[in-house]
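Residue strings, one per chain:
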Amino acid sequence: MDWSHYRFRSLWSLPAPPAVVYAVLERLEGYPDWWPQVRAVTRLDDVTGVITIRSLLPYAMTFTARETRRAPAAGVLEIAVSGDIEGSARWTVTADGAGTLARYDQVVDVTKPLLRRLAVPGRPVFRLNHRLMMAAGRRGLLRHLEAV
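Parameters and conventions
Residues numbered from 1 in each chain as written. Predicted model: local features only at pLDDT ≥ 70, side-chain atom pairs only at ≥ 80, totals over all residues. Heavy atoms only, no water. Helix = DSSP H or I, 4+ residues; strand = E, 2+ residues; numbered from the N terminus. Rg over C-alpha atoms; globule rule 2.2 N^0.38 Å. Buried < 20%, exposed > 50% of the residue type's maximum accessible area, 1.4 Å probe, protein only. Areas by Shrake-Rupley, 256 points an atom, 1.4 Å probe, with all protein chains shown as cover. Lys, Arg positive; Asp, Glu negative; His and termini not counted. Charge placed at Lys NZ, Arg CZ, Asp CG, Glu CD. Pairing = 2+ DSSP bridges.

(A) View of the overall build of the protein. Helix and strand counts for the protein come out as four helices and seven strands. Here the C-alpha radius of gyration of the protein, 15 Å, is about what a compact globule of 148 residues would show, namely 15 Å. Dimensions of the protein, computed from the C-alpha atoms along their principal axes, are close to 45 × 30 × 25 Å. The proportion of buried residues among the 148 residues of the protein is 44%. Here the protein has roughly 7,900 Å² of accessible surface; of this, 57% comes from carbon and sulfur atoms. For the protein, the distance from the average position of its 20 positive side-chain charges to the average position of its 14 negative side-chain charges is 7 Å.

(B) Geometry of the pairing of strand β6 (residues 85-96). Pairing geometry for strand β5 (residues 76-83) and β6, over six bridges, is antiparallel. Each bridged residue has a counterpart across the sheet, and for Val81 the counterpart in β6 is Gly87. Linking β5 to β6, which pair antiparallel, is a turn of one residue. As judged from the twelve bridges shared by β6 and strand β7 (residues 99-110), these two strands associate in the antiparallel manner. Residue Thr92 lies in a different strand from β7, and its bridge partner there is Arg103. As consecutive antiparallel partners, β6 and β7 are separated by two residues, and within that stretch Gly97 has a phi angle of approximately 65 degrees, a positive value.

Structural data, given as structure tokens:
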């Protein structure tokens, strides 16, 4: 088993139409406005940006995100990531009753040297850190959608 390999899935039930949620999620540079752990986003071009995140643990991760698929009709946003993590992430936005189900899937390998050295003993803590970050992202998006 590669202890630095992670698969994550988060499901966010949101009380807004899918088109509204998709519009927020596709605007990468807006993430720091509603997601506290997304500390910075610097656009490099129309499909690429550098993102710095930091959750509960005292370390930041920086990676480049390059859009690989944008399909509004299908509700799909996909990126390839490289830097402190390597892999891919995907948002899938679908109708869910009167609201939206936003599904986030991420498959990554951690490349940051310190986190690789701590991979075995730190894995449960790293997974918890990710869950807390995703929960905070959902809360932030809910607040953002209420304000729109």
